[in-house]
Amino acid sequence: GKVASANLDEIRKLPGVVDAFILEGTNSVAEVMPGVAIVANNTWAAFSAKKKLKITWDESSASKDSWTAFTAKAKETAKGAGAQELRKTGDIDAGLKNAKKTVEAFYTFGFISHANLEPQNTTAWYQKDPAGDKLEIWGSVQIPDGARQTAAKVVGVDQTRATMHQLRVGGGFGRRLMQEFVPEAAMISKQAGGIPVKLMWTREDDMGHDWYRPGGFHQLKAGLDEKGKLVAWSGHAISFSD
């Protein structure tokens, strides 16, 4: 989705707020998502102002995917044969039919956030310069040069004029391989007039805009003999592909 409107005039009048504006974002994945940036002279002022932010979203191009719909589709899919048969030993249908007792269950495992120890954050400083604009970044990422190059690209700075100061990572777990918060900070710095900006995601933003481990489903059928021994077992895993 993109921002259709926001109460920016009201936000700009709040204590400690330096500026607030719509961030259009970029069309490329893993760069900058659309939204509203609030620039303040301290973190508390920015977070406090964010609580009063009112945005009307244009969701005409937004995903309408639904976990409820995925679950219903998975349950229906589980009734049929799988797209791939990873292993088959013996006659499962006969095994289940001849079993003394059968057990059946449908399991779900949801999308999971990396939930690294510190929310995404970085400091970026876009600077106008007669010799060529330049960008300086302080960040904790898992692919520093990739973050540097992407940030330079989105603000129109030559790669040779962009510097990344790599900081210790407060837990990455793979989340900081996707460093969209770095070009986001650079774009905010440029749009705010070329001032250094320390970008801090809230924990809620961090959990809500992760690159998640995909969820999935597992249909299980099993047969037991009169002694409770497992005599038949069928596992049908259903998940997401590209």
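The structure under discussion appears in the preceding block.
About the cut-offs
- Residues numbered from 1 in each chain as written.
- Predicted model: local features only at pLDDT ≥ 70, side-chain atom pairs only at ≥ 80, totals over all residues.
- Heavy atoms only, no water.
- Pairing = 2+ DSSP bridges.
- Helix = DSSP H or I, 4+ residues; strand = E, 2+ residues; numbered from the N terminus.
- Axes fitted to C-alpha atoms, helices over the stretch in contact; angles between N-to-C directions.
- Contact = heavy atoms within 4.5 Å.
- Buried < 20%, exposed > 50% of the residue type's maximum accessible area, 1.4 Å probe, protein only.
- Phe/Tyr/Trp six-rings, centres within 6.5 Å; stacked < 30°, edge-to-face > 60°.
- Salt bridge = Lys/Arg side-chain N within 4 Å of Asp/Glu carboxyl O.

Trainee: In this structure, what is going on with the sheet that holds strand β10 (residues 216-224)? I would like to understand it.
Mentor: Whenever strands of a sheet pair, they do so through backbone hydrogen bonds, lying parallel or antiparallel. The three strands are arranged β5-β10-β11 in an open sheet whose pairing can be described as antiparallel. A strand with exactly one partner marks an edge of an open sheet, and here the two such strands are β5 (101-109) and β11 (230-239). The average undirected angle you get between the axes of adjacent strands in this sheet is 10°. Here β5 runs beside β10; their pairing, made up of nine bridges, is antiparallel. Paired with F109 across the strands is G216, a residue of β10.

Trainee: What should I look at first to understand the sheet that holds strand β8 (residues 162-166) in this one?
Mentor: Read from one edge to the other, the open sheet built from four strands follows the order β8-β7-β6-β9, with strand pairing classed as mixed. Bordering the open sheet on either side are β8 and β9 (197-200), each of which pairs with just one other strand. On average, each strand axis in the sheet is inclined to that of its neighbour by 20°, with strand direction left out of account. Alignment of strand β6 (residues 121-127) against strand β7 (residues 134-139), held across six bridges, turns out to be antiparallel. Following the sheet pairing, Q127 is matched in β7 by K134. Helix α6 (residues 181-191) rests against β6, β7, β8 and β9 of the sheet, and its axis sits at about 40° to β6.

Trainee: Looking at this model, I keep getting lost on the pairing of β6. Mind explaining?
Mentor: Each regular strand shows side chains that alternate between the opposite faces of the sheet. Burial analysis of β6 places five of its seven residues in the buried class, the great majority of the element. For β6 and β9, the ladder comprises four bridges, and the chain directions are antiparallel. Each residue of the ladder has a partner; that of T122, found in β9, is L199. Counted between consecutive antiparallel strands, the loop separating β6 from β7 contains six residues, among which G132 sits at a positive phi close to 130°.

Trainee: It is not clear to me how unusual backbone geometry should be interpreted in this structure. Could you clarify?
Mentor: For residues besides glycine, phi is generally negative; the peptide bonds are generally trans as well. Phi at A115 takes a positive value of approximately 50°, unusual for a residue other than glycine. Although it is not a glycine, F173 adopts a positive phi angle of roughly 55°.

Trainee: What is the right way to look at the packing of aromatic side chains in this model?
Mentor: Any aromatic ring pair is given by two values, namely how distant the centres are and how the planes are angled relative to each other. What the rule picks out here adds up to six aromatic pairs. Centroid distance W67 to F217: 5.0 Å. Interplanar angle 20°. Geometry classified as stacked. Placement of the pair is W67 in helix α3 (residues 67-77) and F217 in strand β10, with a sequence separation of 150 residues. Classification of W67 as partly exposed rests on a relative accessible area of 33%. When its relative accessible area of 2% is taken as the criterion, F217 is described as buried. Note on F106 and F217: the rings are 5.9 Å apart at their centroids and 25° apart in plane angle, and the pair reads as stacked. Within this pair, whereas F106 is found in strand β5, its partner F217 is found in strand β10, the two being separated by 111 residues in sequence. Taking relative accessible area as the criterion, F106 reaches 24% and is therefore assigned partly exposed. Pairwise contacts between aromatic rings join W67, F70, F106, F111, F217 and F240 into one cluster.

Trainee: Please explain the pattern of salt bridges as it appears in this structure.
Mentor: Any two side chains of opposite charge can pair, given that their charged atoms come close. With the rule as written, the count across this model stands at 13 salt bridges. In this structure, the salt-bridge partner of E31 is K153, at a minimum N-O distance of 2.7 Å. Note that E31 is positioned in the loop between β2 (17-23) and β3 (35-40) and K153 in helix α5 (residues 144-155), a separation of 122 residues in sequence. Residue E31 is classed as buried on the basis of its relative accessible area of 7%. Note on K153: relative accessible area 53%, which makes it exposed. The closest approach of N and O atoms between R203 and D206, which form a salt bridge, is 2.7 Å. Remark: D206 and R203 occur in helix α7 (residues 203-208); sequence separation between them is three residues, near one turn of the helix. The class of R203 is partly exposed, set by a relative accessible area of 33%. Sharing partners across several salt bridges, the network here consists of D9, R12 and D19.

Fair warning: the whole summary comes from geometry, so function is off the table for now.
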